[in-house]
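Reading the structure
Given next are the chains, with one letter for each unit.
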Amino acid sequence: MNSPGNGIPDLNREHLLKHLVGIEAFGESSGWNHSPVLLAITNEPVPGTADEWRLAAGSVDVPRRVWHDADPIEVLDALLAQYRSPASQAVAVLISYNNPHTRIVGWAFVYIMQSADGKEARVVDAADEHGGLYRIARLRGAAPENEYDADGSVYAETPTHRILLQLVTATRL
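Residues numbered from 1 in each chain as written. Predicted model: local features only at pLDDT ≥ 70, side-chain atom pairs only at ≥ 80, totals over all residues. Heavy atoms only, no water.

Attention shifts here to the pattern of salt bridges. On inspection of all chains with the given rule, the structure shows eight salt bridges. Across the pair Glu24 and Arg122 runs a salt bridge, and its minimum N-O distance is 2.9 Å. Taken together, the positions of Glu24 in helix H1 (residues 13-30) and Arg122 in strand E4 (residues 120-128) put the pair 98 residues apart, joining distant regions of the chain. Between Glu44 and Arg54 there is a salt bridge, with the nearest N and O atoms lying 2.7 Å from each other. Pair noted here: Glu44 is in strand E1 (residues 37-45) and Arg54 is in strand E2 (residues 53-60), with a separation of ten residues, a long-range link. (Salt bridge = Lys/Arg side-chain N within 4 Å of Asp/Glu carboxyl O. Helix = DSSP H or I, 4+ residues; strand = E, 2+ residues; numbered from the N terminus.)

Right, dumping it as structure tokens:
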């Protein structure tokens, strides 16, 4: 967690939700035939400034052998195992190498799943450094639906959220 004295602003959860909605909208505009995407959400200074900050999402490659014919939980479990390794911790440190103020403040996972009635849905599940959980889901052809625990309560923690929270812990610098 960032302290007010270190110059790094604390995570704004409403801003993060808007960022995640933008990620889902980008997915909608780019189509439905994509592999799952794991995103490291960072809080970083805007390039060339000292006091302006932004959220950014950097995609982390999900090897085809990890996600092919696997459900989202299996994919995230495999990735979590990788991020607990010393080599992956080094990668997390290198992410902030270009700017020592860059911090991973959350993780998001974008994937396609079948809804209960057999329709396809794009899902963006995310967790932040404060334990906040987010979900944006869109049935094919429908408007997105947003859920998050604005009051700090867990609205419907899913197995993917639990793993994303573990990723946040595993990559906290």
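A large share of E1 lies buried, amounting to eight of its nine residues. Sheet topology note: the E1/strand E3 (residues 103-114) ladder contains seven bridges and is antiparallel. Among the inter-strand pairings, Ile41 is bridged to a residue of E3, identified as Gly106. Both E1 and E2 contribute to a ladder of eight bridges, which runs antiparallel. The residue bridging Ile41 from the neighbouring strand is Ala57, located in E2. (Buried < 20%, exposed > 50% of the residue type's maximum accessible area, 1.4 Å probe, protein only. Pairing = 2+ DSSP bridges.)

Here we take up the packing of aromatic side chains. Summed over the entire model, instances satisfying the criterion amount to one aromatic pair. One Lys or Arg, Arg122, reaches over the ring of Trp32 and ends 4.2 Å from the middle of that ring. (Phe/Tyr/Trp six-rings, centres within 6.5 Å; stacked < 30°, edge-to-face > 60°. Lys NZ or Arg CZ within 6 Å of the ring centre and 35° of its normal.)

Before going further, it helps to examine the environment of Leu76. For Leu76, the position within the fold is in helix H3 (residues 72-83). Look at Leu76 and you get buried, because its relative accessible area is 0%. C-alpha of Leu76 to C-alpha of Gln166: the two residues are 90 residues apart in sequence and 9.9 Å apart in space.

A few words on the nonpolar core. One finds Leu38, Leu76, Trp107, Phe109, Leu164 and Leu167 to be the most contacted residues of the largest nonpolar core, which totals 19 residues. Going through the elements one at a time, E1, H3, E3, E4 and helix H5 (159-170) are the ones with two or more residues in this core. When residues of this core are assigned to their parent elements, the largest contribution, five residues, is made by H5. Listed in part, the 15 residues of the second largest apolar core include Ile23, Leu39, Leu55 and Tyr134. (Core = buried A, V, L, I, M, F, W, Y, C linked by side-chain atoms within 4.5 Å.)

With that settled, the discussion passes to the environment of Val168. As for its position among the elements, Val168 is in helix H5. Separated by 128 residues in sequence, Val168 and Ala40 have C-alpha atoms that sit 9.0 Å apart. Beyond its immediate chain neighbours, meaning those up to four positions away, Val168 contacts Gly106, Trp107, Ala127, Asp128 and Glu129. (Contact = heavy atoms within 4.5 Å.)

Turning our eyes to something else, we now look at the confidence of the model for the protein. Averaged over all residues, the pLDDT of the protein equals 76, while 72% of them reach at least 70. No element of the protein has a lower mean pLDDT than helix H4 (residues 86-95), which averages 57, and none a higher one than E4, which averages 89. Segment residues 1-5: pLDDT under 50, and ten contacts once partners within four positions in sequence are set aside and those in other chains are kept. Residue range residues 150-154 is modelled with pLDDT below 50. Its contacts to residues more than four positions away, or to other chains, number four contacts. (pLDDT = per-residue confidence, 0-100.)

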